[in-house]
Amino acid sequence: MRKTKTLFLSSLFAIGLTISFLLTPGWLSNLFPNRAIAIMPPLTPTSEFRAFWVDAFNPGFKTPQEVTKLIADAQKANANAIVAQVRRRGDAFYTSAIEPRTTDPNVPAGFDPLQDLIDKAHAAGIEVHAWMVTLPVVSGGKLPANHVWQQHGPNASGKDNWAMLISSGEAKGFLDPGNPDALDYTVSVYLDLLKRYDVDGVQLDYVRYGGPNWGYNPTSIARFNQQNGRSGKPAASDPLWMQWRRDQVTNLVRKLYVEAMAIKPRVKITAATIAWGDGPANDAGWYKTQPYREVLQDWRAWLEEGILDMAMPMTYQREYKPQQKMGYDHWIEYAKDHQYNRQIAIGPGNYLNYIEDTLGQIRRAEAPSAKGNRVAGTVLYSYASTNIYSNVELRSGGSGDLPRQPWKFVSQSNDWFYTALSQPSQYVDGATGRNVQTQPVWATPVGIPDMPWKSRPTLGAIAGNLQQCQGSCDGAGLTLQAVNAGGKVRQLRADGKGWFGAIELSPGTYQLKVDGSQIQQTVNVVAGEVTKVNFAAS
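The notes below deal with the structure included here. Model, not experiment: these values are computed from the prediction.

## Comments concerning the overall build of the protein chain
Working step 1: When you go through the protein chain residue by residue, the secondary structure sums to 15 helices and 19 strands.
Working step 2: Rg of the C-alpha trace for the protein chain: 25 Å, near the compact-globule value of 24 Å for 538 residues, within the 12% margin.
Working step 3: Projected onto the principal axes, the alpha-carbon positions of the protein chain cover approximately 90 × 65 × 45 Å.
Working step 4: Burial analysis of the protein chain (538 residues in total) assigns 54% to the buried set.
Working step 5: Within the protein chain, counting contacts between residues at least 6 apart in sequence, those at least 24 apart form 71% of the total.
Working step 6: Of the roughly 23,300 Å² that the protein chain leaves accessible, carbon and sulfur atoms contribute 53%.
Working step 7: For the protein chain, the separation between the mean place of its 53 positive charges and that of its 47 negative charges on side chains is 5 Å.

## Remarks on unusual backbone geometry
Working step 1: Of note, the bond from Tyr 381 into Ser 382 is cis; its omega dihedral lies within 30 degrees of zero at 15°.
Working step 2: Relative to the assigned elements, Ser 382 resides in the loop between strand 10 (377–380) and helix 14 (413–422).
Working step 3: Each neighbour pair has its own omega, and for Gln 405 with Pro 406 the value is -5°, a cis peptide bond.
Working step 4: Here Pro 406 lies in the loop between strand 10 and helix 14.
Working step 5: Unusually for a residue other than glycine, Leu 296 sits at a positive phi of about 60°.
Working step 6: Within the secondary structure layout, Leu 296 lies in the loop between helix 10 (290–293) and helix 11 (299–305).
Working step 7: For Leu 296, a relative accessible area of 0% puts it in the buried group.
Working step 8: In this structure, Asn 341 is a non-glycine residue whose phi angle is positive, near 60°.
Working step 9: Residue classification places Asn 341 among the exposed positions, given a relative accessible area of 64%.

## Examining the side chain of His 152
Working step 1: Mapped onto the fold, His 152 is located in helix 6 (residues 148–152).
Working step 2: Owing to a relative accessible area of 14%, His 152 belongs among the buried residues under this scheme.
Working step 3: Not counting residues up to four positions away in its chain, the partners in contact with His 152 are Asp 160, Asn 161, Trp 162 and Ala 163.

## So, the sheet that holds strand 8 (residues 310–315)
Working step 1: Pairing is parallel around the closed barrel formed by 8 strands, whose spatial order is 1-2-3-6-7-8-9-10. In this sheet, neighbouring strand axes are inclined to one another by 25° on average, regardless of whether the strands run parallel or antiparallel.
Working step 2: Two elements, strand 1 (residues 49–54) and strand 2 (residues 81–87), share 4 bridges in a ladder whose sense is parallel. Directly across from Val 54, in strand 2, lies its bridge partner Ala 84.
Working step 3: The strands that helix 13 (residues 355–366) touches are strand 9 (343–348) and strand 10; relative to strand 10, the one it contacts most, it runs at about 150°.

## With respect to the sheet that holds strand 14 (residues 477–482)
Working step 1: If you walk across this open sheet you meet the 4 strands as 15-14-17-18, and the pairing is antiparallel. Strands with a single pairing partner mark the edges of an open sheet, and in this sheet they are strand 15 (489–493) and strand 18 (520–525). Between one strand and the next, the sheet's axes are offset by a mean angle of 25°, whatever the strand orientation.

Here is what the cut-offs are and how they apply
Residues numbered from 1 in each chain as written. Predicted model: local features only at pLDDT ≥ 70, side-chain atom pairs only at ≥ 80, totals over all residues. Heavy atoms only, no water. Helix = DSSP H or I, 4+ residues; strand = E, 2+ residues; numbered from the N terminus. Rg over C-alpha atoms; globule rule 2.2 N^0.38 Å. Buried < 20%, exposed > 50% of the residue type's maximum accessible area, 1.4 Å probe, protein only. Contact = heavy atoms within 4.5 Å. Areas by Shrake-Rupley, 256 points an atom, 1.4 Å probe, with all protein chains shown as cover. Lys, Arg positive; Asp, Glu negative; His and termini not counted. Charge placed at Lys NZ, Arg CZ, Asp CG, Glu CD. Pairing = 2+ DSSP bridges. Axes fitted to C-alpha atoms, helices over the stretch in contact; angles between N-to-C directions.

And the structure:
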């Protein structure tokens, strides 16, 4: 009896040791360090990105009073970041040296919405990311004389025409990244803001084509044909033409990332990315998705290359529609497992959902994937319309398919939502009149997740321009090789202006050679810096 009891107690002790070992943080990384790095996210329970997208088509930060309320609402919700739209369509809700100030009558004369937001947000410990619509620059209305569309729209001649055209020749208000001047102009708008404001990040939005039959700017077609020995107008479904256009968008993102790093290395470059339809089930499924095939936005590749610090996929799916709910779940599962040592914050469309349904989407977004990976956090669209009952778009119709009827606008539901994020709450449903109880998802304040490649960089970058090329520098290839035994080789390609750049380079000495020539140069890479290279190719 005593022997049996001793054996039983010994077994309990062994089981206890095993459980204690399994619960010890980092036990897996001690046994299998490489595998643990691959599956465990660089996120602790004390850090999580929690943000609102604050658009500039609605009230939010257009007056000092709105900014003060925005900060108070963010604090009430335990949010720690604000992504504010400071460029709607080629205009500026800030002081710009390049683009005209917004004509929005709700912005007082002399008031700088971005600067006021930065001052008040930083005083409250909240990050500010400047959200800028990238390629669309027109949405109707009279344009100032110095607006980019006035000077470089479809009526401009030759290379001065920067307009993105659809295959029929019609302009839709986008600039075309396949036109090198349009690309450089767009990047310069971002860099100008970075030089002027102490933002924590800048966000690319609409950094894509409008559809598979977009991108027929005459300069773009001429460049594609010159590089590929073609003539005429390529078909929208031509695989080579589709990939060429994807590359133009990627060139824009890469150029902004590298040049921003040279100015302010710690500023975060993020993008609001497309997550339409059903999410991919595996790696092969990515190439069938709408962002990749329809709008030619290969944001997974941006994360993989490292030219994006954080993707914010716009998972605007309705929870009450089973097909959309399934699509949301597939997208967030894919995102958790495809961050490539960068970060993703899921972007639920709370404006399309009931309050409790959005809270459910946030919980699922913040939970680990089947492989144990987590995203960095969530960013909610939007601050102005936080739920079904404050969705101003439904005022003009379209509420007929809602499961709760009749729909009505309830302005105070925004305040209900901010509270529900951080506290146990209840609200009276606008349609049924019943009480709905909710539990918080952001119950305690937390910090922003660290980006170690920004805060403690161990790798460097290069950037430069080819000049006086034999033929054209457009699309010229370069080979970068580390000067050591078995040095790694990186193949680079210049953009339409001869610019090239590369990141994630180990510190040390490299040989940079222009393909097809004898031109080469020794380059020294320093951690956390961008080494500038300028040389002629002949």
